[in-house]
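Coordinate inspection notes
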Amino acid sequence: MLSCSNSPSEKSKDSGYANGAPTLFVHVESSTSGITFKNKVQQSIDFNFMNYMYIYTGAGVAVGDIDHGGLEDIYLASNFGPNKLYKNMGDFNFEDITMTSKAEDFNGFSSGVTMLDINNDGWLDIYVCKAGSLEDDDGRRNLLFVNQKNGTFKEDAKAWDIDDPGYSTQVQSLDYDNDGDLDLYVVNHRYDFENNTVISGEVQRAIEEITSDQLY
């Protein structure tokens, strides 16, 4: 049964939400949360939608308890600016620990981020996907921040052989062969307009390091 009322108190009483709140979600101002991150998309003559169609697909966010503090922390990936890691201090207050945690990333075009326990040690690590850099393969290499269990991380993607140089969108973790180790499926995309208007099966089936999905 649905009913309407002009009385705020009556709405709150019948809402069914915690503490009689009138809505399911409440907006928390950045001045309260301490999260001031902004993802600004900036086009230029050399880098814009015409030569890179994925410029507006956005970046990403990963949420998890990175320090066993019992609260969910937040890592935010930026297309053009630095990525940010925020520690949850409780009561919707967060502290920017990007630099002190050694999880900083100022290079390239980040396109996604996932928290996962890459080495099965019970501590969350952070995998950042890269794309965008048209002329620099190294600028597109994905990053792996391995949790050092002391409030810091170590970027170690190359040592794990997962510094994928493709145009990555996001990664999904899974144990596809049931051997107890975590595997990664990296979703990549094309950087050109080939196979965009007239679909070619030959192009579609071609496996390329920088445009095809990768399973590690």
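Structure shown above.
1. Some points on the overall build of the protein chain
- Of the regular secondary structure elements, the protein chain holds three helices and 11 strands.
- Its helices and strands in sequence order give the protein chain the pattern α-α-β-β-β-β-β-β-β-β-β-β-α-β, from N to C terminus.
- Across the 216 residues in the protein chain, those meeting the buried criterion constitute 37%.
- Partitioning the intrachain contacts of the protein chain with sequence separation of at least 6 by distance along the chain shows that 47% fall at a separation of at least 24.

2. Points about unusual backbone geometry
- Despite not being glycine, Asn120 shows a phi value in the positive range, around 55°.
- Considering the arrangement of structural elements, one finds Asn120 in the loop between strand 5 (109-116) and strand 6 (125-131).
- Judged by relative accessible area, which is 44%, Asn120 ranks as partly exposed.
- Its identity as a non-glycine residue notwithstanding, Lys149 has a phi of 65°, on the positive side.
- Examined against the element boundaries, Lys149 turns out to sit in the loop between strand 7 (143-147) and strand 8 (153-155).
- With relative accessibility at 45%, the residue Lys149 sits in the partly exposed group.

3. A closer look at the packing of aromatic side chains
- Scanning the entire structure with this criterion turns up nine aromatic pairs.
- Ring plane angle 70° and centroid distance 5.9 Å describe the contact between Phe47 and Phe80, whose orientation is recorded as edge-to-face. Of this pair, Phe47 sits in the loop between helix 2 (30-33) and strand 1 (60-64) while Phe80 sits in the loop between strand 2 (73-77) and strand 3 (84-90), and the two are 33 residues apart along the sequence.
- The exposure class of Phe47 is buried, given its relative accessible area of 15%.
- Residue Phe80 is classed as partly exposed on the basis of its relative accessible area, which comes to 27%.
- Relative to Phe109, the ring of Phe47 has its centre 5.9 Å away and its plane inclined at 70°; by these criteria the two rings are edge-to-face. Of the two residues, Phe47 is situated in the loop between helix 2 and strand 1 and Phe109 in strand 5; the sequence distance between them amounts to 62 residues. Here Phe47 matches Phe109 in class, with each residue buried.

4. Focus on the sheet that holds strand 9 (residues 168-174)
- Pairing within the open sheet is antiparallel, and its three strands lie in the order 9-10-11. Single-partner strands in this sheet number two, and they are strand 9 and strand 11 (214-215).
- With two bridges connecting them, strand 10 (residues 183-188) and strand 11 associate as antiparallel partners. Bridged to Val186 within strand 11 is Gln214.

Reading the values: the criteria
Residues numbered from 1 in each chain as written. Predicted model: local features only at pLDDT ≥ 70, side-chain atom pairs only at ≥ 80, totals over all residues. Heavy atoms only, no water. Helix = DSSP H or I, 4+ residues; strand = E, 2+ residues; numbered from the N terminus. Buried < 20%, exposed > 50% of the residue type's maximum accessible area, 1.4 Å probe, protein only. Contact = heavy atoms within 4.5 Å. Phe/Tyr/Trp six-rings, centres within 6.5 Å; stacked < 30°, edge-to-face > 60°. Pairing = 2+ DSSP bridges.

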